[in-house]
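Spelled out from the first residue to the last, the chains are:
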Amino acid sequence: MGRAQRNPSNAILVTGPARSGKSEWAERLARDCARAVVYVATALENPDDADWSARIEAHRCRRPPEWSTVCAPTELEIAIATHGDDTACLLVDSLGTWVANLIELDDSAWQARAERLLDSVAQTPAQIILVAEETAWGVIPAYPIGRLFRDRLGALIRLLGPRCSAVYLVTGGYAIDLARLGVPVE
């Protein structure tokens, strides 16, 4: 088998485990893309969770002041369509948080939302960098909601990967472009 061919899309997927450096890598890619950066945040703020608030604030502090921010905890596909012109670089952080925010959707409603997201990524003229968490490298969750989250996020990442020009796995502080080095699973 030969090396995977790069997809000509404007999309880049950055994935990896927790605390691996994936957001920092995505931010570096956005800084280097020579377009106006729009940071698309999917996190819902929770003032009762100090740790979560600190994590959100750490992300805010790393952003250059010229970047704009759009909050899209559930309407990610609309944010991409609205802010994704050909002069923009959209940095979406993160798909795992977006999936978690929609976890209560039934299977058919979830499939429709995932398809709309895939369509918006394919149709945007913007450079788009999507950050996603790898959750399936550990123990299978003992609870149905955990398994549902893991399965939905894993399936979404697998559908996005072949549609992206680069797919970076970030782990241990290093980024590897899987689209360049890997062989697609079909």
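Sequence positions are assigned chain by chain, starting from 1 and proceeding in written order. The predicted nature of this model means local features are confined to residues of pLDDT at least 70 and side-chain atom pairs, given and counted, to a pLDDT of 80 or more, with totals for whole chains, interfaces and linings taken over all residues. Excluded from the side-chain calculations are hydrogens and water; all other atoms, namely the structure's heavy atoms, are used.

1. A closer look at the sheet that holds strand β4 (residues 88-93)
When DSSP finds two or more bridges between two strands, those strands count as paired. Helix and strand definitions here come from DSSP, where helices need a minimum of 4 consecutive H or I residues and strands a minimum of 2 consecutive E residues; each element is numbered from the N-terminal end. Read from one edge of the open sheet, seven strands run β3-β2-β4-β5-β1-β6-β7, paired in mixed fashion. Of all strands in the sheet, those with a lone pairing partner are β3 (68-71) and β7 (174-177), marking the two edges. The mean inter-strand angle of the sheet, taken between neighbouring strand axes irrespective of direction, is 20°. Only the stretch in contact is used when fitting a helix axis, every axis being a line fitted to C-alpha atoms; angles between N-to-C directions are given from 0 to 180 degrees.

2. Notes on the packing of aromatic side chains
By convention here, two paired aromatic rings are described through the distance between centres and the angle between planes. Working definition: a ring pair exists when centres of Phe, Tyr or Trp rings (six-membered ring for Trp) sit within 6.5 Å. Plane angles under 30 degrees give stacked, over 60 give edge-to-face, the rest tilted. The tally for this structure, following the rule as stated, stands at two aromatic pairs. Judged by centre distance (5.3 Å) and plane angle (70°), the ring pair of Trp-25 and Tyr-168 falls under edge-to-face. Linking Trp-25 in helix α1 (residues 22-32) with Tyr-168 in strand β6 (residues 166-171), this pair joins segments that are 143 residues apart in sequence. Each member of the pair, Trp-25 together with Tyr-168, is buried. With 5.4 Å between their ring centres and 50° between their planes, Trp-98 and Trp-110 make a pair best called tilted. Residue Trp-98 is found in helix α4 (residues 95-101), and its partner Trp-110 is found in helix α5 (residues 107-123); the two are separated by 12 residues along the sequence. Any Lys NZ or Arg CZ found within 6 Å of a ring centre and within 35 degrees of that ring's normal is scored as a charge over the ring. Stacked on the ring of Tyr-39, the Lys or Arg Arg-63 has its end atom at 3.5 Å from the ring centre. Exposure is judged per residue with a 1.4 Å probe applied to protein chains only, and the accessible area is read against the type maximum: over 50% gives exposed, under 20% gives buried, and values in between give partly exposed.

3. Re the environment of Asp-93
The residue Asp-93 is located in strand β4 in this model. Note: C-alpha distance between Asp-93 and Thr-15 (78 residues apart in sequence) is 11 Å. The contact criterion used throughout is that any non-hydrogen atoms of two residues lie within 4.5 Å. Aside from chain neighbours lying at most four places away, what touches Asp-93 is Ser-23, Tyr-39, Val-40, Ala-41, Thr-42, His-59 and Val-131. For the purposes of these results, a polar contact is taken to be a pair of N or O atoms within 3.5 Å, where, inside protein, one atom must be able to donate a hydrogen and its partner to accept one; residues adjacent in sequence count only when each atom of the pair is a side-chain atom. Within the local environment of Asp-93, its side chain forms a polar contact with the side chain of Ser-23, the two groups lying 2.7 Å apart. In terms of polar contacts, Asp-93 uses its side chain to reach the side chain of Tyr-39, at 3.3 Å.

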